[in-house]
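In case you want the letters, here they are:
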Amino acid sequence: MYYGGDYNPEQWPESVWDDDIRLMRAAGVNLVSLGVFAWARIQRAEGEFDFGWLDRILDKLHAGGIGVNLATATASPPPWASRAYPEILPKDASGATYWHGSRQAYAPTSPVYRRLAAELAGAIAERYACHPAVVMWHVNNEYGCHVHADYSDNAAVAFRAWLRGRYGDIEALNDAWGTAFWSQRYGDFEEVVPPRLTPSSVNPSGLLDFKRFTSDALLDLYRMEKSIIRAAGGAQPVTTNFIGAFEPIDYRSWAADLDLVADDSYPDPADAESFREAAFDRDLMRSLKPGVPWVLMEQAPDAVNWRASNSPKAPGQMAALSVQAVARGADGVMFFQWRQSRSGSEKFHSAMVPHAGTGTRTWREIVELGRNLAGLPRLSAEVDAPVALIYDWQNRWAVENSDHPVRFDYLAVVRQWHAAIHRQHVTADIRHPDDDLSKYAVVIAPQLYLLTDASAANVAAYVAGGGTLLLSAFSDVVDEHDRFAAGGFTTRLGATLGLRVRDFGALPLDAHDRTTVTVSLGDASMTGRLFAEELDLIDATVIGHFRDGRLQGHPAFTSRTNGSGTAYYLATIPDEDGMRAVTARIFAGAGVRPPVDRLPQHVEAVVRDGRLFVINHSGQPFTPPSSFGRRPEAASEAGDTIGAYGWRVFGRAAS
């Protein structure tokens, strides 16, 4: 189990380093990320490298038994680079330049930036590829975090090349983008520009492709640096740090290039429900590389510095969130950062060693967590997850475009479905509609607006093979180019569902918020939002009707049996209570149960490698029922009660 954090010795005099290593050993730290933002320290001018200090700290860390996740340091070019080469700077959609003075001020497609980054990464890799302290490589940092997309001339040139590779000729692009509309037809690829500031909404198909290009351009940077490390003889695992369900980058398309997935996670400790959002991100990271443990690369030991109000974590909350990551597949728990910075933008961001030193609660909790993690049994990556929740970055990009019947936050809705599942203490993998879904008892697919023929065939085959599918409103609407399929809506999955959607029925805004509809659900009812779709039934069975609104009495919730499988369709988006009611009904029919019954809402239970992790995410103690029938193997505290933000690991169930 990796344990540690970002270490920035370049911010401190060398007289502090020995004390750092002594404290790391006391805390149980066995891995630090080194040099993430050290470009200016390593290279004070073009062609001038200073590795002496890095040699010394690497040797000290190795002597102290601490491994290093060595960064390529390319995340933030120093001022000399943009002064000498201003063309490396990125631009926003209006043409304004992002200048140095912060971080990440580079255009990913700039040939000069790529050359400078390659020279730096190459020099570091050649010098340290075989250093015994280096056990992992950290490429760049949080790609796209601050500059979500670049609209510079460099980007325009690269975008055109990407489009040529995708479409081959300009008429294929015109057809895919529907450029006959608004006189947008292109005669040559050289006429295409990134979706810069325009008088009205930009072409949605073009915008979708630009988002794909942006993700691919950043991935190409990562691949460049990884290949440099490998060419220099670096055989250690190579990764970079993701940021949960970060919108600008399709992490699914990146996962194959990472030897292990790493993630940065900062749930708001003031939000009593934020542990559910964290659970979604943990499940997403685990699902990107099934069967391969991932690493929680960054989290805050206490408060962050960038919210309007930065609440500290409650006693034990940091450990509860850390163990949550382990329960959901992580083999590493790390922090930003080791020692709290004295100056700069993040000086108020908490650290493992706070300004106030080792006499603090933060330090005591860091030491305790290190000791407890070291005592965990060795765990396989296998997490019991009978349910798959579909999340697709490219669908998100398309569904959140403007000029739709309703504007809504796709990720927020997906997370609400996940929270409804999580409240029932059921674990879900986060999968893509192209993935092998056959092992899941239930697949839930919210707003599958953009759907390829291959994805539709895969989902239909899952149902035909005996699976249980729940599809919700605004699904199976457009193809991969954001174009309507011939013949209307629900053209690919209509036969599986036994229906066709005639109209989306966007619910209007009232004086306060969106209006809602009521949907019957057996003897109960639920609230629907955003849509009240009008359905044409073919051979579906009606389970629930709209009870009010313009479609009062019309079908709202249907099912269709496909061999031994069942496909459900919900013609609206329920609120979270409705999501919980719908999923509970479907889970019961599919035989999906939580690993243990009768748990409080703020206690989660996850089975990894056959062991049951029980984590209390509230300030109230909790006594587990004796019916667990398992022997405790590790715990945050002794006794029968799991205290506020406490946790316990129970051994494998008796056979």
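Per chain, the residues get numbers from 1 upward, laid out in the order the sequence is written. Only residues with pLDDT of at least 70 are given local features in this predicted model, and only at 80 or more are side-chain atom pairs given and counted; all residues enter the totals for whole chains, interfaces and linings. Computation of side-chain values covers all heavy atoms of the structure but excludes hydrogens and water.

## Things to note about the overall build of the chain
For step 1, the next point in the chain: Helix numbering and strand numbering both begin at the N terminus, where a helix is a DSSP run of H or I of at least 4 residues and a strand a DSSP run of E of at least 2. Each helix and strand in the chain was counted, giving 17 helices and 27 strands.
For step 2, the next point in the chain: As defined in this context, the radius of gyration uses C-alpha atoms, and a globule is described by 2.2 Å times the residue total to the power 0.38. For the chain, whose C-alpha radius of gyration is 26 Å, the value lies close to the compact-globule estimate of 26 Å for 655 residues.
For step 3, the next point in the chain: In terms of overall dimensions, the chain has C-alpha extents of about 75 × 75 × 45 Å along its principal axes.
For step 4, the next point in the chain: Exposure is judged per residue with a 1.4 Å probe applied to protein chains only, and the accessible area is read against the type maximum: over 50% gives exposed, under 20% gives buried, and values in between give partly exposed. Counting over 655 residues, the chain shows a buried share of 60%.
For step 5, the next point in the chain: Only heavy atoms matter for contacts: two residues are in contact if any of them lie within 4.5 Å across the pair. Taking all contacts inside the chain whose residues are at least 6 apart in sequence as the whole, residues at least 24 apart take part in 72%.
For step 6, the next point in the chain: Accessibility throughout is a Shrake-Rupley quantity obtained with a 1.4 Å probe, and a residue counts as covered only by protein chains that appear here. When the accessible surface of the chain is split by element, carbon and sulfur atoms take 50% of a total near 24,800 Å².
For step 7, the next point in the chain: Side-chain charges in the chain split into 62 positive and 79 negative, and the spacing between the mean points of these groups amounts to 4 Å. His is not counted here, nor are the chain ends, while Lys and Arg score as positive and Asp and Glu score as negative. Charge positions are represented by NZ for Lys, CZ for Arg, CG for Asp and CD for Glu.

## Description of the packing of helix α14 (residues 410-423) against helix α17 (residues 576-590)
For step 1, the next point in the chain: The interhelical angle for the contact between α14 and α17, taken along N-to-C directions, is 55°, at an axis separation of 9 Å. As judged from the angle between their axes, α14 and α17 are oblique. The way α14 lies across α17 gives a crossing that is right-handed. For the pair α14 and α17, contact is made by V413, Q416, W417, A419, A420, I421 and R423 and by E576, M579, R580, T583 and F587, respectively.
For step 2, the next point in the chain: Classifying every residue of the contact of α14 with α17 gives seven nonpolar, two polar and three charged. Only C-alpha atoms enter the line fits that serve as axes; for helices the fit covers just the stretch in contact. Angles between N-to-C directions range over 0 to 180 degrees. Here is the rule for angles: anything less than 35 degrees is roughly parallel, anything more than 145 is roughly antiparallel, 65 through 115 is roughly perpendicular, and the remaining ranges are oblique. Should the near helix be turned anticlockwise from the far one by less than a right angle, the crossing is termed left-handed; should it be turned clockwise, right-handed. Residue classes follow a fixed rule: Ala, Val, Leu, Ile, Met, Phe, Trp, Tyr, Cys and Pro count as nonpolar, while Asp, Glu, Lys and Arg count as charged, and any other residue, Gly among them, counts as polar.

## So, the sheet that holds strand β15 (residues 468-472)
For step 1, the next point in the chain: The sheet built from seven strands is open, its strands ordered β13-β12-β14-β15-β22-β21-β20 with mixed pairing. Unpaired on one side and paired on the other, β13 (428-431) and β20 (541-545) mark the two borders of the sheet. Sheet twist, expressed as the mean angle between neighbouring strand axes with direction ignored, is 20°.
For step 2, the next point in the chain: Two strands form a pair only when DSSP identifies at least two bridges running between them. Of the strand pairs in this sheet, strand β14 (residues 442-445) and β15 are connected by four bridges, and their pairing is parallel. Paired with V442 across the two strands is T468, which belongs to β15.

## Description of the packing of aromatic side chains
Between two aromatic rings, the relevant description is the distance of the centres plus the angle of the planes.
For step 1, the next point in the chain: Each pair of aromatic rings taken from Phe, Tyr and Trp, with Trp reduced to its six-membered ring, is defined by centres within 6.5 Å and is described as stacked if the planes are under 30 degrees apart, edge-to-face if over 60, and tilted in the remaining cases. Tallying each qualifying case throughout the model produces 32 aromatic pairs.
For step 2, the next point in the chain: Ring centres of F51 and Y128 lie 5.8 Å apart, and the angle between their planes is 80°; on these two criteria the pair is classed as edge-to-face. A residue pair is termed long-range when its members are at least 10 positions apart, and F51 in the loop between β4 (48-49) and α3 (52-63) and Y128 in helix α5 (residues 111-128) qualify at 77 residues.
For step 3, the next point in the chain: Taking relative accessible area as the criterion, Y128 reaches 1% and is therefore assigned buried.
For step 4, the next point in the chain: Consider the rings of W162 and F213, whose centres lie 6.4 Å apart with planes at 70°: the pair is edge-to-face. Placement of W162 in helix α6 (residues 153-167) and of F213 in helix α8 (residues 204-231) is noted, with a sequence separation of 51 residues between them. This pair shows no difference in class: W162 is buried, exactly as F213 is.

## Notes on the environment of R550
For step 1, the next point in the chain: Here R550 shows up in the loop between β20 and β21 (555-562).
For step 2, the next point in the chain: Residues R550 and G505, 45 residues apart in the sequence, show an inter-C-alpha distance of 9.1 Å.
For step 3, the next point in the chain: Aside from chain neighbours lying at most four places away, what touches R550 is D503, G505, A532 and E534.
For step 4, the next point in the chain: Polar contacts here mean pairs of N or O atoms no more than 3.5 Å apart (in protein, one a potential hydrogen donor and the other a potential acceptor; neighbouring residues in sequence count only if both atoms are side-chain atoms). Polar side-chain contacts of R550 include one of 3.4 Å to the side chain of D503.

## Notes on the environment of Y151
For step 1, the next point in the chain: Residue placement: Y151 occurs in the loop between β6 (134-138) and α6.
For step 2, the next point in the chain: Each C-alpha atom of the pair Y151 and R196 lies 6.6 Å from the other, and the pair is 45 residues apart in sequence.
For step 3, the next point in the chain: Not counting residues within four places of it along the chain, the set of residues in contact with Y151 comprises K91, D92, A93, P194, P195, R196 and F210.

## Topic: the packing of helix α11 (residues 317-327) against helix α12 (residues 361-374)
For step 1, the next point in the chain: With their axes 10 Å apart at the nearest point, α11 and α12 run at an angle of 25° to one another. If you check the angle between α11 and α12, you find them roughly parallel. Handedness of the crossing formed by α11 with α12: right-handed. Contacts between α11 and α12 involve M318, A319, S322 and V326 on the former and, on the latter, E365, I366, L369 and L373.
For step 2, the next point in the chain: By residue class, the composition of the contact of α11 with α12 is six nonpolar, one polar and one charged.

## Focus on the side chain of S472
For step 1, the next point in the chain: In this structure, S472 sits in strand β15.
For step 2, the next point in the chain: In terms of polar contacts, S472 uses its side chain to reach the side chain of Q447, at 3.0 Å.
For step 3, the next point in the chain: Once residues within four sequence positions are removed from consideration, S472 is found in contact with W417, A445, P446, Q447, Y569, L570, T572 and I573.

## Thoughts on the pairing of strand β22 (residues 565-570)
For step 1, the next point in the chain: Of all six residues that make up β22, six are buried, and the element is covered over most of its length.
For step 2, the next point in the chain: Residue alternation in β22 divides its side chains into two sets, G565, A567 and Y569 and T566, Y568 and L570, and both sets are buried.
For step 3, the next point in the chain: Alignment of β15 against β22, held across five bridges, turns out to be parallel. Bridge pairing links L470 to Y568 in β22.
For step 4, the next point in the chain: Across six bridges, the pairing between β21 and β22 is antiparallel. Within the sheet, the bridge partner assigned to T561 lies in β22 and is T566.
For step 5, the next point in the chain: In this structure, the hairpin formed by β21 and β22 is closed by a connection of two residues, where G563 is found at a positive phi of approximately 65°.

## Comments concerning the environment of L219
For step 1, the next point in the chain: Relative to the helices and strands, L219 resides in helix α8.
For step 2, the next point in the chain: Sequence separation between L219 and S253 is 34 residues; the distance between their C-alpha atoms is 8.7 Å.
For step 3, the next point in the chain: Contact partners of L219, with chain neighbours within four places excluded, come to S253, W254 and D257.

## Section: unusual backbone geometry
For step 1, the next point in the chain: Here the bond from F336 into Q337 is cis, since omega is -5°, no more than 30 degrees from zero.
For step 2, the next point in the chain: Along the chain, Q337 falls in the loop between β11 (330-335) and α12.
For step 3, the next point in the chain: For Y645, which is not glycine, the phi dihedral falls at a positive 55°.
For step 4, the next point in the chain: Assignment of secondary structure puts Y645 in the loop between β26 (632-635) and β27 (647-650).
For step 5, the next point in the chain: Residue classification places Y645 among the buried positions, given a relative accessible area of 16%.

## Considerations on the pattern of salt bridges
For step 1, the next point in the chain: For salt bridges, the criterion is a side-chain nitrogen of Lys or Arg within 4 Å of an Asp or Glu carboxyl oxygen. Per the counting criterion, the structure on display carries 51 salt bridges.
For step 2, the next point in the chain: Measuring nitrogen to oxygen at the nearest pair gives 2.8 Å for the salt bridge that ties D18 to K60. With D18 in helix α1 (residues 17-27) and K60 in helix α3, this residue pair connects regions lying 42 residues apart in the sequence.
For step 3, the next point in the chain: For D18, a relative accessible area of 47% gives the class partly exposed.
For step 4, the next point in the chain: The class for K60 is partly exposed, based on a relative accessible area of 29%.
For step 5, the next point in the chain: The closest approach of N and O atoms between E273 and R423, which form a salt bridge, is 2.7 Å. Of this pair, E273 sits in the loop between β9 (262-264) and α10 (274-288) while R423 is found in helix α14, placing the two residues 150 residues apart along the sequence.
For step 6, the next point in the chain: Connected through shared salt-bridge partners, D283, R286, R328, D429, K439 and E604 make up one network.

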